Amino acid sequence: MATYEQRMNGIHPTQKPESLFNPAKQVKSIGSAALSVLKTLGQQLLAFLSHGSELQIWQTQNRSGEAWWNVYDPITQQTVRLLSEMEVRIWIEQRYRGNADSRS
């Protein structure tokens, strides 16, 4: 018959307490968790490096259905909201023209 302590700890009377602790299994699960974290970080770093300076452009609508264009510049960390695609094109041209002028 199981002792009170064994019942409270969830140990079956025929199961040796030593068999509950399996260091090899714990190392494997820690290793796979670490590998998963490293893989995720690597993917995020790759995405950042490959798209780190690209403008991000998306369209949203307000409650009354009006469309807005949002442009995020990761270099300046600036987000602008514009009313038309033409305004977006003008803003991008001015951004690149301004950058070209500062380099010469």
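Above: the structure in question.
Presented here is an overview of the structure given in this document. (Residues numbered from 1 in each chain as written. Predicted model: local features only at pLDDT ≥ 70, side-chain atom pairs only at ≥ 80, totals over all residues. Heavy atoms only, no water.)

For the rest of this paragraph, the subject is the overall build of the protein chain. A count of helical and extended segments in the protein chain gives three helices and three strands. Put simply, the protein chain runs from its N terminus to its C terminus through helices and strands in the order α-α-β-β-β-α. Considering only residue pairs separated by 6 or more positions, the protein chain has 9% of its internal contacts joining residues 24 or more positions apart. Taken as a whole, the protein chain presents about 8,900 Å² of accessible surface, with 58% of it coming from carbon and sulfur. (Helix = DSSP H or I, 4+ residues; strand = E, 2+ residues; numbered from the N terminus. Contact = heavy atoms within 4.5 Å. Areas by Shrake-Rupley, 256 points an atom, 1.4 Å probe, with all protein chains shown as cover.)

Next up on the list: the pattern of salt bridges. Inspection of the entire model under this criterion finds three salt bridges. Here R95 and D73 are joined by a salt bridge, their closest N and O atoms 2.7 Å apart. Highlighted residues: R95 in helix α3 (residues 85-103) and D73 in strand β2 (residues 67-73), separated in sequence by 22 residues. D73 matches R95 in its accessibility class, with the two residues each being buried. The salt bridge partner of E85 is R89, with a shortest N-O separation of 2.9 Å. With E85 and R89 both in helix α3 and four residues apart, this pair spans about one turn of that helix. (Salt bridge = Lys/Arg side-chain N within 4 Å of Asp/Glu carboxyl O. Buried < 20%, exposed > 50% of the residue type's maximum accessible area, 1.4 Å probe, protein only.)

What follows concerns the side chain of R95. For R95, a relative accessible area of 12% puts it in the buried group. Among the polar contacts made by the side chain of R95, one reaches the side chain of Y96 at a distance of 3.0 Å. (Polar contact = N/O pair within 3.5 Å; in protein donor to acceptor, adjacent residues only side chain to side chain.)

As a further point, take the sheet that holds β2. One open sheet holds the three strands; their spatial order is β1-β2-β3, and the pairing between them is antiparallel. The strands lining the two open edges of the sheet, one partner per strand, are β1 (56-61) and β3 (78-82). Put simply, the sheet's adjacent strands are angled 25 degrees from each other on average, direction ignored. Here β1 pairs with β2 via six bridges, running antiparallel. Following the sheet pairing, Q61 is matched in β2 by A67. (Pairing = 2+ DSSP bridges. Axes fitted to C-alpha atoms, helices over the stretch in contact; angles between N-to-C directions.)

Without other data, these values stay purely geometric and don't point to any function.
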